Amino acid sequence: QVELVESGGGLVQAGDSLRLSCAASGRTFSAYAMGWFRRAPGKEHEFLAAINQSGGLTYYADSVKGRFAISRDNAKNTVYLQMNGLKPEDTAVYYCAANLRFEQMPYMTSYWGQGTQVTVSS
């Protein structure tokens, strides 16, 4: 059992940047691969990015490649999502997720946070 809490969302204008944070409880954070997903009202759950346990491997959905960057600080039990060049279509609730196997991301996840709202105005 891992508790995940996202923060850093808010209302921004098109072209702005945001950095989301996901804080994990316990001392086992480094055992989990982490990912970021989002869900907009009326749309399906969308994978964005994943990072392995050590932080040495990452991969991204084509829709955000070159604009978003995932990173982690295991000493702080935190994973980040840096979002640059935000667009109105990025408006969604953003979630972080954890899974013991990096190879199973993004198809299988074990734990989810509550989400943080990102709204991008035009």
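Rules behind the numbers
Residues numbered from 1 in each chain as written. Predicted model: local features only at pLDDT ≥ 70, side-chain atom pairs only at ≥ 80, totals over all residues. Heavy atoms only, no water. Helix = DSSP H or I, 4+ residues; strand = E, 2+ residues; numbered from the N terminus. Rg over C-alpha atoms; globule rule 2.2 N^0.38 Å. Buried < 20%, exposed > 50% of the residue type's maximum accessible area, 1.4 Å probe, protein only. Contact = heavy atoms within 4.5 Å. Salt bridge = Lys/Arg side-chain N within 4 Å of Asp/Glu carboxyl O. Core = buried A, V, L, I, M, F, W, Y, C linked by side-chain atoms within 4.5 Å. Polar contact = N/O pair within 3.5 Å; in protein donor to acceptor, adjacent residues only side chain to side chain.

## Side note on the overall build of the protein
Within the protein, the secondary structure is distributed over zero helices and eleven strands. Listed by position from the N terminus, the elements making up the protein come as β-β-β-β-β-β-β-β-β-β-β. Over its C-alpha trace the protein gives a radius of gyration of 13 Å, about what one expects of a compact globule, namely 14 Å for 122 residues. The dimensions of the protein, computed from C-alpha atoms along their principal axes, are 40 × 25 × 25 Å. In the protein, which comprises 122 residues, the proportion classed as buried is 42%. Sequence-distant contacts, at least 24 apart, represent 57% of the contacts inside the protein between residues at least 6 apart.

## Quick look at the pattern of salt bridges
Summed over the entire model, instances satisfying the criterion amount to five salt bridges. Two residues, Asp 90 and Arg 38, come together in a salt bridge whose shortest N-O distance is 2.9 Å. With a gap of 52 residues between them, Asp 90 in the loop between strand 8 (78–83) and strand 9 (92–99) and Arg 38 in strand 4 (residues 33–39) connect regions that are remote in the sequence. Each member of the pair, Asp 90 as well as Arg 38, is classed as buried. When the shortest N-O distance is used, the salt bridge between Arg 101 and Glu 103 registers 3.3 Å. Classification of Glu 103 as exposed rests on a relative accessible area of 59%. Taken together, the shared-partner salt bridges connect Arg 38, Glu 46, Arg 67 and Asp 90 into one network.

## Topic: the nonpolar core
Counting 36 residues, the largest nonpolar core has Leu 4, Met 34, Trp 36, Val 79, Leu 81, Met 83 and Tyr 94 as the members making the most contacts within it. Counting only elements with at least two residues in this core, the list comes to strand 3 (18–24), strand 4, strand 5 (46–51), strand 7 (68–73), strand 8, strand 9 and strand 11 (116–121).

## Re the side chain of Arg 67
With respect to the helices and strands, Arg 67 occurs in the loop between strand 6 (58–60) and strand 7. Taking the relative accessible area as the measure of exposure, Arg 67 reaches 15% and is therefore buried. At a separation of 2.9 Å, a polar atom in the side chain of Arg 67 contacts the side chain of Asp 90.

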